[in-house]
Each structure stands twice: as C-alpha cells, then as structure tokens.
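# Tertiary structure, described
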Amino acid sequence: MHQSFLAYVLDNLHQKEVSIEQCTFILPSKRSGTFLKKHLSSRISKNIFAPQILSIEDFIANIAGISTTSSIDLLLLLFKAYKKTRLKRHDDFNSFLKWGQTLIQDFNEIDRYLIPADDILNYLSAIKDLSHWSLKSEKTELVQNYLQLWNQLEFLYNTFTASLLEKNKGYQGLVYKTAVANLETYSEDHQTNSLIFVGFNALNTAESRIIQHLLHQPQNHIYWDIDAHFLNDKIHDAGLFIRGYQQEWPYYDKNEILGVHNSFLDPKKISITGVPKSISQAKYVGNLLNTIGNDSQNQLKNTALVLADETLLNPILKAIPSNIEEANITMGLSLNKTVLYSFFMSFLELNISKTERGWFYTDVLEFLSNPYTYSITQSEEFVFLKSLSVDIKKNNWIYLNTPIISKYSPSGHAVNTIFPEKIPSPSQWIDNCLDLIQHLKSYFQTSDNALELEYLYRFYALFNQLHVHLEDVDFITNLKSLKSFFKQLASAETLDFIGEPLSGLQIMGMLESRNLDFETVILTSVNEGILPSGKSNNSFIPFDVKREYGLPTYKEKDAIYTYHFYRLIQRAKHIHIIYNTEPDVLEGGEKSRLISQLLTDEAIASYISHNIASPEVKIAPYSPVEVIKTLLQKEIKTLAQTGFSPTSLTNYIRNPIDFYKRNILKINDTDEVEESIAANTFGTIVHDSLEQLYSPFLDQFLTPEKLSEAILLVPNIVQQNFKKLLPGADLKKGRFLLVFNVVIKYLKNFIELEKSSLTKHQIRILELEKKYEVELHFSGLGFPVKLKGTLDRVDEIDGVTRIVDYKTGRVDPKNVKVLNWEELITDYDKSKAFQLLCYSLLFTKEKNTVDLLAGIYSFKNLGQGFLSFTSDGTSISSETLRTFQTFLEKLVLEICNPSIPFTEKEI
C-alpha cells in the first residue's frame, strides 16, 4: 500500500525540521488522533512528551472559552426562550419538539457561516410576509398567527443565545462565532507552538477564517488529503472545496499546497456488487470477510468495513464470521434502534392509550409480545402476564378494564406498575420503568448476559437523566409530551462499543474514516439518498436564500460525500463497493451516482469489475404435497370410529392436505381477537339466535301471530348471543354495531319470509339443533365407521318431513343440484349438496323414514327462498340415499386406504 496520509504528514514535518513535541495537531475527529499517535510512536527513537492532538471542535472551543452542550439541553433552553416571545398563542412542548430541532440547526448554520443573524432572520420574516396565502390587504387572524413567529425570530435568537452565553455554553455555531471574535487575543497568546491542521476538506466560514488567520504565523501548516487527479479536474466534486481554497486564500499566493499525491490511478482491484436488500448485504459482507479471513488474518488488520447506512450495524454484527478474531467498532448503536427501546415505547403507548373503557387490546398484546415482557414474567410478581395474552383472545376482550386486570394479581403492585388505574404522571412512569429495569437486571444477571445488562444500564442512566430534566422544567406535564422528549433523548444517546482501536477489522461510519487509510475497504449501501444523502428539507431557510447568503445546500453536501468516497478508496488496493439493487424509501434509491462516475472514469476502467449477487433461484415445476398414510393408520381409524362430520368430509373433498392438518393433526386456526367479526362467529350467532327464537314452537304449527311475537324478541336475543360469544364487543358504536344490525335484519327478513310462506303451507317444527350419529359398515374395512352431524332444523311442511340447513354465506341453486354423482365427492362446489345428503342419511337411519325434503336457507340471497336438494326429483328417496351411500363409501375407503396418500389439490 502507498504511504498513508498521516505517515506522510509526519515525514514532511520531519523534513521541515519541525519539532513534533512543540506541535499541536488539529484533526477533523478524535478517532484519527489515535492512529496519528501510532504512526508517531513508530518514528521516534527516544522518549518524548506526546504532542497535543485536538479535534477541530475542541480546538475552536478552547479559543472561544465556552463549551458545546447537549442537543436536549439546547431544546429545553430554546423552549424557555420561545415562551418569552410576544406571541398570542404558544405551542405546547410536544408541538414545539416537531420544529425546535430544525430551528436550532438553522441557527447553527447561520453562526457557523458568520452571517449576521438579524439580517437573515428579518429577511426570512419579510419573505414569509410576502408569500402568505391571504390576498386581502388586511391580514386575517390565521395569517397573523402564522406570521407572528417569523416576526419574532430575531428576538428568539437573541434570547436563546444570551441564555447560553450566560452559562458559558453554546451550540457548535455559537462556539465558532465566539471563537472568531476571540481570535486576535488567542493568536497573540499562542505564538510559539506550531499548529498543524491535518486532513480537512469542507470548511465553514468560521473555520476558514480561523485557519487562515493562524496560517499567517509561519510555524503553522495545513495538510490536505487530496489526489492530483481530483484537484486538477476543474469539474470533479471530490476536489471542489480544496480547489476553491487554493484559488481564493491569500496564503497560497506565496505557499505551496501540502498533501497533494498521486495514488488514485495506481493499480487496484475495485469490485462493485449489487445485492438485493439490507440483510442480503450483511450476509454478503459476512461471506466476503470469511474469504478475507481465511486468506490472511493479517490482511483483516488492515481492512475497514465502512457502513454508509449506519442502521446496517446490527445485521452486520450478526453476520461477522467466527473466524474473525478481532474487530473494533468505532460507531455507537443508537438506543432508539434497540429492542429494549421498543419495550419501553410499547409500555409508554400502553399508558398513553388508556381510555375510560380501559386498555385497547392491540396495545396490550404489543406489549405482551415484546421479548423483554417474557423476561419480566420470570419474576413471580409478573407471572400473571403469561396467561393474559391467551385470555384476551379466548374471551375476545377488545378493551381490558381495571376489574378484569385486578383479578390476575392479588398483590396489586405488579398490576399497578404495568396497568395503573390512573394514567401516571411523567415522573411516576419513569419510576415504573426503573422498577422494570431492576426486575430485568435480576433476570439477566442469573443468565450472565453482559450485553443485555449494558443495554439496561444505558436506559437506567437515560431515565435518571429524564428525571433530572423533569425537575428543571415545568412544561412536561403529561405522557404525550414525555414521549416526544424520550424519543429525542433516545435518538441522541448511543451504546458505545469498547474495543482495541488499532487492531483487527475496523467497522466504522463514513465520517470516522477521515484521515485513515486501509489496504482493503468494504463500503456498503452505496445508494442515492444514502451516499450521497441527496436533498433534505430539514431547514426553514429556502434554497434561494441559502445560495444568496452562502449557506451550504444539498449540492455542497453531495460534494462532501463525494470527497469522502474518493478519499477512502484512493490509496486502497482492494475495494469492495456494495449497493442495494432493490431501491425503496427506507433503504435508499437507485445505485449511487458515485458508482456511475467510477464506471465512466476511463483512467481506472480496467481495474473495475461489476456484478450482481443474488441467490440462485430454481423454478421447479409444481409438485403437489403428498403425505404417506403408513404411519397415520391409527389416527385415521380413531377419527373414523369417533365420527366423520359432513364438514370434515367436505374438507377432504376440497383439499386432502387441509383434512390432514385439521382433522388428523388437529391443527386449528390461531385464536385472534375479533375487532370486527369472523364468518364462523357470525354464523354461530345467527344459528344460536334462531334456536332460541324457535324453541318455544317445538312440536307446534307455526302461525303468523307466533312469528310476529318472535320478531319482537330478535334484538334482545341477538344481543345475548353477542355477549356470550364476544364478551368484549361494544354494540353501541363501531363495526360491531353495524354487524349487530345486519344480524337483526337477516333474522327479521327470514321470519317475515316464513310468515309469507304460511299463507300457502302448514309448517310444524319437529327438531332444532339436534345431534345425530350413525354407525356404517363398509365392505373392505375391518372396523365400523361413524357419521355424525347436527341438523339445524327438522320441520314438517304440508305433512312432508323437511331438513333445513341455515347458511349465512351465499348459496346458489346449482350448489344443491346433483346431475353427475361422481362430482359429489370430487368437486367442492357440490359440498352443500353433500352435506344435505349426509344430514338426510343420518335422519333416515335414526327415524327409519323415507321420502323427505332437504334444503338450505341462504341469508345472503333469501329472495330465492328455500333451496331444495334436487337430483332426479325434489324429494330424497331411499334410492337417492342408496346411491349417495355408495359414493360415501368410496370416499371413506379412499380416506382410510393406506396406499392412497393425502395429495394436495390446487385450490
């Protein structure tokens, strides 16, 4: 590999006979200082005092005499300043958080670029006044309220900065602005030591003015890390800023530019690979590292894995192969990206969402499904949470109130922690979180899980930090404002990894790579919107105003990313650039323009290989699933002797694999809370309600008077059945109210239909919801087979026995008509006819009767009336049933035959 940039700086200083001990090195970040010390230690032959090494921020803070403060403190101070503005109506803290951070960023940019705040803020206010939407000369109250804040921006800025300077604190821009004001004094007091500025690129106005001022002293130097290929190309963005300084700084009228080299065009291997989605990128990187590690562990020590998208850190950590002995992670994992954060957020949502009716079941289930909830259930106090999830689904609780919850824990403390009777104050909620952390700590200490304990410690510190802030302010009064504040705080805090910074694989973000050189570079997520980040609208200052005042826009930010990209690969020998081939909003756009620029650079075209990595997908012809019955004979025999129901047999006709899963393996659908109503529950309510309505008429002839009385009972009976089957359903509003009225309408329409049929027929109710079962003997089977079923209703119409089946779904006449008997056991469309024949067979075997009617009332098309089974005629004769029994036998023998597997049907 070429001489690294930091090594070059030290060698050049040695040639200039500059005493290293008398130097102060100023770098873009602290990280490169560690590597600078490493290079320094390899060059000295005697003990010396280490030179002072500072980041540019620390150096400028020393000049300013004030320090930067946290983003949370800034927000709180800005809100206090905002409350002092002369506005008719102020936003609450929760609303303020949505725009407060953006305003701080704008103030920061204004000060970093040394723009007079009163000038640009008043200009911004005038623009807003011109562009408001009211065309009338007199401004409406709405427009006045809108413009008020813009008119108060200068006052807000002055109040905010004054409160910060009072405390000797500031945001970065304010510190930089103060440093420029103190520059003359500082330079007079520091004229002996050499100031060495190393590896900068895009300087803001304050940094540029400070560095230029200090470069007037001959002992001070600045080194740029730039390749001549980019510097001499007048349109290449990688050299945009340094070309500008070379042309505009008076310093370069007499001094040469230091740090220019020629290494980018030297032979290297550049592999550009497209991989679908983030997880695939992580797995691809894992395979790549495995290959590099197997070739040489020494090569890994000079390898950097740079994550352009830092959210990829978690999957990357899981993908690192076991043969990598050492890895150093220089980036922190944001607390809001951890599962523990989601645990506390779901706990917060659970408390916020409580209404007069209680806790909504989805909020409760989301909290209960979190892995950390399972961990706290290992504590005896919280064991009640284990059964709560099952009970919610079993009882269909849409809302859980305090009386329901209190039954689960007699002690009360655990219940009050998770489900407090009153919505807690922010301080009480934080105390509850600290209590949960103690329980989680006890659990993870027993399993000796160091990483989880570190997570807990960071959140323990965060909640204590929240407590301190709450004591200092009086505007975080409810959980909603606390939620916004908690989210801000969690996004600002990180879980830092501790490692050896100078050994092993280096995993870092793009900005951590500044000034560092590696032999092998792996760069992920090189997509538009990530690298470069592209346009972003997190500013109140319009684009044209930024251009007019010299503030950076997305164009300058793109140039910064271009510089970092090319600087990272210019000295490397092996470069792996990976991008996502499946662009979307969350994971960036199409492959980056930086890749396209590389591919079109003729000077290095011979070094580049470009390919798409994707899993090999073999498209196999459709092959139905088959389940051999050899080991299932016992289960099949048990089912046959217990009893086949018409529904189970039609399951087999529809798809033998469904029959195998449901009726042999007994795998049922997962219990779910019904916010609306499932089809089977709807059907059960209709059936149960009809049974109750018609039970008083058993063994009686129906009369219009009786049915008129029954219609009056419909609403109450339907309500009872709703409460029985869906105890958590609220029938006064929402979806359940609609369904409740639909059921009532169905039943009333049906009874009216029955009343109208009484003008032509006599109907006597014989049986309701009667269970039947018969034993059948089929030749070829060494055991009897039981057929069982429940007949919705048996009545007598004009002296003829009739079997009635209720269906809440749609049934057409063709579904109960049989012309081809083979279709009965092969075509699921004939399942309704099959069920009617099963019921008829059960009834006739039990009652020894023949010649009856069987049919369906379909509530979705009641207008068609009673849909009677038909084959040769309308009545079901003994001949019809003998034919049916023949095909039933064929079906049952097929099910029980061990040589015929259960074979999947395409549905």
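You'll find the structure just up there.
These lines cover the structure that appears in this document, whether it is placed above or below.

Rules and cut-offs
Residues numbered from 1 in each chain as written. Predicted model: local features only at pLDDT ≥ 70, side-chain atom pairs only at ≥ 80, totals over all residues. Heavy atoms only, no water. Helix = DSSP H or I, 4+ residues; strand = E, 2+ residues; numbered from the N terminus. Rg over C-alpha atoms; globule rule 2.2 N^0.38 Å. Buried < 20%, exposed > 50% of the residue type's maximum accessible area, 1.4 Å probe, protein only. Contact = heavy atoms within 4.5 Å. Lys, Arg positive; Asp, Glu negative; His and termini not counted. Charge placed at Lys NZ, Arg CZ, Asp CG, Glu CD. Pairing = 2+ DSSP bridges. Axes fitted to C-alpha atoms, helices over the stretch in contact; angles between N-to-C directions. Salt bridge = Lys/Arg side-chain N within 4 Å of Asp/Glu carboxyl O. Polar contact = N/O pair within 3.5 Å; in protein donor to acceptor, adjacent residues only side chain to side chain. Phe/Tyr/Trp six-rings, centres within 6.5 Å; stacked < 30°, edge-to-face > 60°. Lys NZ or Arg CZ within 6 Å of the ring centre and 35° of its normal. Right-handed = clockwise from strand over helix to strand, strands pointing away.

This part covers the overall build of the chain. Within the chain, the secondary structure is distributed over 36 helices and 25 strands. Taken over the C-alpha trace, the chain has a radius of gyration of 39 Å; the compact-globule value for 907 residues is 29 Å, which it surpasses by more than 25%. In terms of its C-alpha atoms, the chain occupies a principal-axis envelope of roughly 120 × 70 × 60 Å. Here the chain holds 907 residues, and 52% of them are scored as buried. Contacts in the chain between residues at least 24 apart in sequence constitute 79% of all its contacts with a sequence separation of at least 6. Computed over 92 positive and 107 negative side-chain charges, the inter-centroid distance for the chain is 4 Å.

Okay, the sheet that holds strand E8 (residues 269-275) next. Spatially, the seven strands line up as an open sheet ordered E10-E15-E9-E16-E17-E8-E18, and their pairing is parallel. The strands lining the two open edges of the sheet, one partner per strand, are strand E10 (327-329) and strand E18 (608-612). Sheet twist, expressed as the mean angle between neighbouring strand axes with direction ignored, is 15°. In this sheet, strand E17 (residues 574-580) lies alongside strand E16 (residues 520-524) in parallel orientation, the contact comprising four bridges. Counterpart to threonine 520 in the pairing with E17 is histidine 574. Packing against the sheet, helix H27 (residues 554-569) makes contact with strand E9 (303-307), E16 and E17, and its axis sits at approximately 150° to E16.

The next thing to look at is the pattern of salt bridges. Enumeration over the complete set of coordinates arrives at 26 salt bridges. Taking the shortest distance from any N to any O, the salt bridge between arginine 112 and glutamate 109 comes out at 3.0 Å. Placement of the pair is arginine 112 and glutamate 109 together in helix H5 (residues 93-112), with a separation of three residues, close to one helical turn. We note that arginine 112, like glutamate 109, is buried. Between lysine 177 and aspartate 111 there is a salt bridge, with its nearest N and O atoms 3.8 Å apart. Residue lysine 177 is located in helix H9 (residues 172-181), and its partner aspartate 111 is located in helix H5; the two are separated by 66 residues in the primary sequence.

Turning to the environment of threonine 338, a few remarks are in order. With respect to the helices, strands and loops of the structure, threonine 338 is situated in the loop between strand E11 (333-334) and helix H17 (339-352). Taking relative accessible area as the criterion, threonine 338 reaches 7% and is therefore assigned buried. Ignoring sequence-local partners within four residues, the contact set of threonine 338 consists of Leu333, Tyr455 and Phe459. Side-chain polar atoms of threonine 338 contact the backbone oxygen of leucine 335, separated by 2.7 Å.

To continue, consider the packing of aromatic side chains. By the definition in use, this model includes 60 aromatic pairs. One aromatic cluster is present, formed by Tyr341, Phe343, Phe344, Phe347, Phe367, Tyr372, Trp429, Tyr443, Phe444, Phe459, Phe463 and Phe486 through successive ring pairs. Directly above the ring of tyrosine 828 sits arginine 654, whose terminal nitrogen or CZ lies 6.0 Å from the centroid. Its end group placed over the ring of phenylalanine 866, arginine 802 keeps NZ or CZ at 4.6 Å from the ring centre.

Right, let's talk about the sheet that holds strand E1 (residues 23-27) for a bit. Strand order in the open sheet formed by five strands is E2-E1-E5-E6-E7, with parallel pairing between adjacent strands. Only two strands of the sheet have a single partner each, and these edge strands are strand E2 (52-55) and strand E7 (258-261). Going across the sheet, the axis of each strand differs from the next one's by a mean of 20°, ignoring polarity. Here strand E6 (residues 221-227) pairs with E7 via three bridges, running parallel. Within E7, the residue paired with aspartate 227 across the bridge is histidine 261. The sheet strands contacting helix H1 (residues 5-15) are E1, strand E5 (194-198), E6 and E7, and the helix crosses E6 at an angle near 140°.

So, on to the pairing of E16. Burial runs high along E16: five of the five residues are buried. Neither face of E16 is exposed, since Thr520, Ile522 and Thr524 on one face and Val521 and Leu523 on the opposite face are all buried. In terms of strand pairing, E9 meets E16 through five bridges, oriented parallel. Opposite alanine 304, over in E16, you have valine 521 as the bridge partner.

Among the seven residues that make up E6, seven are buried, leaving the element largely enclosed by the rest of the structure. By the alternation rule, side chains of E6 split into His221, Tyr223, Asp225 and Asp227 and Ile222, Trp224 and Ile226, which are all buried. Both E5 and E6 contribute to a ladder of three bridges, which runs parallel. Residue pairing in the sheet places isoleucine 196 in a bridge with histidine 221 of E6. Regarding the hand of the β-α-β motif, the stretch spanning E5, helix H11 (residues 205-215) and E6 is right-handed.

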